[in-house]
Amino acid sequence: MSTETSPRAHPRAAAIETATGASLQTWVERIDEADGRVLDHTAIARLLPERWDITEWWAQGVTVAYEQIIGRRVVGQSSAGDFAASASRTVVGDMDRVRDAWDAFLTPRRREELGLQEPSLTATDTWRYWRAVVADGSRLSVSITVTDHRDGSARSTVGIEHKGIGTAAGRDAWKDTWKAVLTDFAAIAEKEHP
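This structure is a prediction, so every number in the text was calculated from the model and none was measured. (Residues numbered from 1 in each chain as written. Predicted model: local features only at pLDDT ≥ 70, side-chain atom pairs only at ≥ 80, totals over all residues. Heavy atoms only, no water.)

**With respect to the overall build of the chain**
Then comes step 1: Of the regular secondary structure elements, the chain holds seven helices and five strands.
Then comes step 2: The order of helices and strands in the chain, counted from the N terminus, is α-α-α-α-β-α-α-β-β-β-β-α.
Then comes step 3: Overall, the C-alpha framework of the chain stretches about 60 × 40 × 25 Å when taken along its three principal axes.
Then comes step 4: Within the chain, the fraction of its 194 residues that count as buried is 40%. (Helix = DSSP H or I, 4+ residues; strand = E, 2+ residues; numbered from the N terminus. Buried < 20%, exposed > 50% of the residue type's maximum accessible area, 1.4 Å probe, protein only.)

So, in structure tokens, the structure goes:
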């Protein structure tokens, strides 16, 4: 676990102060006075809007920053202690075409190389999903939605969210992996649908 850091050095300090009207240092002092160091994430996040004029959205952000400042978690770490990696890319094609192309691109061999189990495909009116469990127990969710219709052809964003990664180093490695996979996928998608 990391050591304590200064609230002024936190990357979200300015945004928190602008949104809440109180400096991150003030929030740290308030939470400390409310025994925040013995409370869990949920208890702190619930406490803030009960005692102070702050939205639930910003209460979550302040709580995460507080936990990072006191060394309870590092940047990028969830309250459960794990990490997540994400990446996205916009490619030519409507949602269905892009999801089908993604599914075809992630052949059984590629899935095996990445440690992915058999995927599940689901859909809503505005999203297409491709999800798989990873061999290490982490979870991959690929979300696809139409971004725009440029020159009469649809473009869709492919967003990858990989949750449940055990370490910060693992998160960084997976993030690099998913960026490379998306680059390869985009190159193939562009060739098929110029």
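**Quick notes on the pattern of salt bridges**
Then comes step 1: Within this structure, the stated rule accounts for eight salt bridges.
Then comes step 2: The residue R171 makes a salt bridge to D172 at a minimum N-O spacing of 3.1 Å.
Then comes step 3: For D172, a relative accessible area of 40% corresponds to the partly exposed category.
Then comes step 4: The network of salt bridges with shared partners includes E67, R72 and R73. (Salt bridge = Lys/Arg side-chain N within 4 Å of Asp/Glu carboxyl O.)

**With respect to unusual backbone geometry**
In most cases, non-glycine residues show a negative phi, while peptide bonds are predominantly trans.
Then comes step 1: Even without being glycine, D35 reaches a positive phi, approximately 65°.
Then comes step 2: Note on placement: D35 falls in the loop between helix 2 (24-33) and helix 3 (41-51).
Then comes step 3: Assessed through its relative accessible area of 49%, D35 is described here as partly exposed.

**Let's talk about the packing of helix 3 against helix 4 (residues 56-69)**
Relative orientation and spacing of two packed helices are given, respectively, by the angle between their axes and the distance between those axes.
Then comes step 1: Between helix 3 and helix 4, the least distance of the axes is 8 Å, while the angle of their chain directions is 130°. For the element pair helix 3 / helix 4, the angle class is oblique. As helix 3 runs across helix 4, the sense of the crossing is right-handed. Packed against helix 3, whose contacting residues are H41, I44, A45, L48 and P49, the element helix 4 presents E56, A59, Q60, V62, T63, V64, Y66 and E67 at the interface.
Then comes step 2: In the contact of helix 3 with helix 4, the residues fall into eight nonpolar, three polar and two charged. (Axes fitted to C-alpha atoms, helices over the stretch in contact; angles between N-to-C directions. Parallel < 35°, antiparallel > 145°, perpendicular 65-115°, else oblique. Left-handed = near helix turned anticlockwise from the far one by under 90°. Contact = heavy atoms within 4.5 Å. Nonpolar A, V, L, I, M, F, W, Y, C, P; charged D, E, K, R; others polar.)

**Digging into the side chain of R73**
Then comes step 1: As for its placement among the helices and strands, R73 is situated in the loop between helix 4 and strand 1 (83-92).
Then comes step 2: Separated by 3.1 Å, the side chains of R73 and H41 make a polar contact.
Then comes step 3: Here E67 takes part through its side chain, which lies 2.5 Å from a polar atom of the side chain of R73. (Polar contact = N/O pair within 3.5 Å; in protein donor to acceptor, adjacent residues only side chain to side chain.)

**Digging into the side chain of E67**
Then comes step 1: Relative to the assigned elements, E67 resides in helix 4.
Then comes step 2: Excluding residues that lie within four positions of it along the chain, E67 makes contacts with D40, H41, R72 and R73.

**Looking at the nonpolar core**
Then comes step 1: One finds W102, L116, V158, W178 and F185 to be the most contacted residues of the largest nonpolar core, which totals 28 residues.
Then comes step 2: Among the elements of the structure, strand 1, helix 5 (95-105), strand 3 (128-133), strand 4 (139-150), strand 5 (153-165) and helix 7 (168-192) are those that each provide at least two residues to this core.
Then comes step 3: At seven residues, helix 7 tops the list of elements feeding residues into this core.
Then comes step 4: Beyond its immediate stretch of four places on either side in the chain, W102 contacts W130, V142, V158, I160, V181, L182 and F185. (Core = buried A, V, L, I, M, F, W, Y, C linked by side-chain atoms within 4.5 Å.)

**Topic: the packing of aromatic side chains**
Then comes step 1: By the definition in use, this model includes seven aromatic pairs.
Then comes step 2: Aromatic pair W27 and W52: ring centres 5.8 Å apart, planes at 90°, arrangement edge-to-face. Here the residue W27 occupies a position in helix 2, and W52 occupies one in the loop between helix 3 and helix 4, the gap between them amounting to 25 residues.
Then comes step 3: An angle of 85° between the planes, with centres 6.2 Å apart, marks the rings of W102 and W130 as edge-to-face. (Phe/Tyr/Trp six-rings, centres within 6.5 Å; stacked < 30°, edge-to-face > 60°.)

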